[in-house]
Amino acid sequence: ANVDRVRIVDRLPQGHADVVRLLTRYRPALTIVDTLGTYVSPQVESMNDRSQMLRALTPLMHLVRDTDTALVLVHHDKKAGGYSDSQAIGGAVDV
């Protein structure tokens, strides 16, 4: 990989607007969001709330489709297995 093409962004003060700007400008082949909870926290009071999670994830899903980037969302699973929080997380997966 050409490391000159790697961009690491550790702060998004304007949230989704910053993501739109960056993906539109750089058109990356791959985008990694680490962690999902940090990304959605300004918009979501409870990650267990399906409607809140869908509202937070839908613009991101449209953006990655529009910019033709692959998206990896890092999210922690439960110690007993499976992912925690809203089922909307798994429902948003698109292969």
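Above this note sits the structure.
Residues numbered from 1 in each chain as written. Predicted model: local features only at pLDDT ≥ 70, side-chain atom pairs only at ≥ 80, totals over all residues. Heavy atoms only, no water.

Chemist: Talk me through the overall build of the protein; I want residue IDs and the actual numbers.
Modeler: Per the secondary structure count, the protein includes four helices and two strands. Counting helices and strands in the order they occur from the N terminus, the protein gives α-β-α-α-β-α. Classification of the 95 residues of the protein by burial places 31% in the buried group. A fraction of 58% describes how many contacts in the protein between residues 6 or more apart in sequence connect residues 24 or more apart. Element-wise, carbon and sulfur atoms account for 52% of the exposed surface of the protein, whose accessible area totals about 6800 Å². (Helix = DSSP H or I, 4+ residues; strand = E, 2+ residues; numbered from the N terminus. Buried < 20%, exposed > 50% of the residue type's maximum accessible area, 1.4 Å probe, protein only. Contact = heavy atoms within 4.5 Å. Areas by Shrake-Rupley, 256 points an atom, 1.4 Å probe, with all protein chains shown as cover.)

Chemist: Tell me about the pairing of strand S1 (residues 30-34), residues and numbers included.
Modeler: On S1, burial follows the alternation: Thr 31 and Val 33 on one face are buried, whereas Leu 30, Ile 32 and Asp 34 on the facing-out side are not. Pairing geometry for S1 and strand S2 (residues 70-74), over five bridges, is parallel. Note that in S2 the partner of Ile 32 across the bridge is Val 72. (Pairing = 2+ DSSP bridges.)

Chemist: Hey, could you go over the packing of helix H1 (residues 16-26) against helix H3 (residues 50-67) for me, with residue numbers and the actual values?
Modeler: Close contact between H1 and H3 brings their axes to 10 Å; oriented N to C, the two are set at 10°. In terms of orientation, H1 and H3 fall into the roughly parallel class. Here H1 contributes His 16, Val 19, Val 20, Leu 23 and Thr 24 to the contact with H3, which in turn contributes Pro 59, Leu 60, Leu 63, Val 64 and Thr 67. When the residues that make up the contact of H1 with H3 are grouped by side-chain class, the tally is seven nonpolar, three polar and no charged. (Axes fitted to C-alpha atoms, helices over the stretch in contact; angles between N-to-C directions. Parallel < 35°, antiparallel > 145°, perpendicular 65-115°, else oblique. Nonpolar A, V, L, I, M, F, W, Y, C, P; charged D, E, K, R; others polar.)

As far as function goes, none of this settles anything; it's purely spatial.
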